[in-house]
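Overview (structure and organization)
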Amino acid sequence: MKEEKTFNELWNEIHKKNTERELKVDGWLMKWLPYWSKQSKILELGCGLGNNIEVLQENGFNALATDLSEVALSSIKKRFPLIETKVLDLTQPFPFEDNSFDIIIADLCLHYFSEKKTFEIMNEIKRVLKPNGKLYARVNSTQDTNHGAGLGKKLGKNFYYVEGYNKRFFDDGEVRKYFSVIGEPNFYSATMKRYDREKELYEIKVCCNK
């Protein structure tokens, strides 16, 4: 019987295949950057190989880049030697003090978890954001059939085991349900290219209401 890989092993394997490729930067954050202070304390969750880090650096922003994958963080340090990195498991309490960050970026990293764990993650994001701090996120849409929506083994509402791991797909109600833990979410549907296929997703901005 084939042994199932851990989430960390899966992502290390995925990132190993892509470390030598050019970063595919789609610039979704560009519209927000004019509203940010260069002195903002920025945390990126699930930074991957650094697509967003490249955009931030090119526009004069610094950030703490975090990911579960040591392979991803090692690649980031080679590309961006001045960037601070930290291994971070989203399923565990975040190793940061309350009210630590002005901005948190979570790009395609919040849609892998059970309902209980997703709520726990949202509460951790709220805890480490400063009052009126901002979360900028992208998550899978229920329309994202190119990347597994409605496919695989159903684990719960819009939650499937597909392509080797669990994936959650959000509709309008679920965006409100989860992200309202932090504040009133502003969101809209969008499309991007992911692994050479169209990907349907939500782009979300939330102001922390504590």
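Above: the structure in question.
A few points about the sheet that holds strand 8 (residues 165–168)
Spatially, 6-7-8 is the arrangement adopted by the 3 strands of the open sheet, whose pairing is antiparallel. The open sheet is flanked by strand 6 (153–156) and strand 8, the only strands paired with a single partner. Taken over all neighbouring pairs, the strand axes of this sheet differ in orientation by 35° on average, direction set aside. For strand 7 (residues 159–162) and strand 8, the ladder comprises 4 bridges, and the chain directions are antiparallel. From the neighbouring strand, Tyr160 faces strand 8, where its bridge partner is Lys167.

Here's the deal with helix 5 (residues 172–179)
All buried positions along helix 5 are accounted for by Glu174, Val175, Tyr178 and Phe179. All buried residues of helix 5 project into a common sector of 110° when viewed along the axis, lining one side. As for helix 5, its buried residues are in contact with helix 4 (115–128), strand 5 (129–140), strand 8, strand 9 (185–194) and strand 10 (197–207). N-cap assignment for helix 5: the residue whose side-chain oxygen lies 3.2 Å from the backbone N of Gly173 is Asp171.

Focus on the packing of aromatic side chains
With the rule as written, the count across this model stands at 11 aromatic pairs. Taken together, a centroid distance of 5.3 Å and an interplanar angle of 50° make the contact between Trp32 and Tyr136 tilted. With Trp32 in the loop between helix 1 (7–18) and strand 1 (42–45) and Tyr136 in strand 5, the pair connects residues that are 104 residues apart, well separated along the chain. The exposure class of Tyr136 is buried, given its relative accessible area of 3%. The interplanar angle of 55° and the centroid separation of 6.2 Å between the aromatic rings of Phe170 and Phe179 together place this pair among those described as tilted. In this structure, Phe170 and Phe179 share a single accessibility class: buried.

Regarding the side chain of Glu44
Looking at the element boundaries, Glu44 is found in strand 1. Comment: no salt bridge for buried Glu44; closest opposite-charge side chain is Arg138, at 8.3 Å. Side-chain polar atoms of Glu44 contact the side chain of Asn52, separated by 2.9 Å. Non-local contacts of Glu44, meaning those with residues more than four positions away in its chain, are made with Asn52, Ile53, Leu64, Ala65, Thr66, Ile105 and Asp107.

Observations regarding the pairing of strand 2 (residues 64–67)
Side chains Leu64 and Thr66 of strand 2 all project onto a buried face; the interleaved residues Ala65 and Asp67 project onto the opposite face, where all are buried too. Direction of pairing for strand 1 relative to strand 2: parallel, over a ladder of 2 bridges. Residue pairing across strands places Leu43 opposite Leu64, the latter belonging to strand 2. With respect to chirality, the unit in which strand 1 leads through helix 2 (residues 51–58) into the neighbouring parallel strand 2 is right-handed. Strand direction decides the pairing type here: strand 2 and strand 3 (residues 84–87), joined by 4 bridges, are parallel.

Conventions we followed
- Residues numbered from 1 in each chain as written.
- Predicted model: local features only at pLDDT ≥ 70, side-chain atom pairs only at ≥ 80, totals over all residues.
- Heavy atoms only, no water.
- Pairing = 2+ DSSP bridges.
- Helix = DSSP H or I, 4+ residues; strand = E, 2+ residues; numbered from the N terminus.
- Axes fitted to C-alpha atoms, helices over the stretch in contact; angles between N-to-C directions.
- Buried < 20%, exposed > 50% of the residue type's maximum accessible area, 1.4 Å probe, protein only.
- Arc of directions from axis to C-beta.
- Contact = heavy atoms within 4.5 Å.
- Polar contact = N/O pair within 3.5 Å; in protein donor to acceptor, adjacent residues only side chain to side chain.
- Phe/Tyr/Trp six-rings, centres within 6.5 Å; stacked < 30°, edge-to-face > 60°.
- Lys, Arg positive; Asp, Glu negative; His and termini not counted.
- Salt bridge = Lys/Arg side-chain N within 4 Å of Asp/Glu carboxyl O.
- Right-handed = clockwise from strand over helix to strand, strands pointing away.

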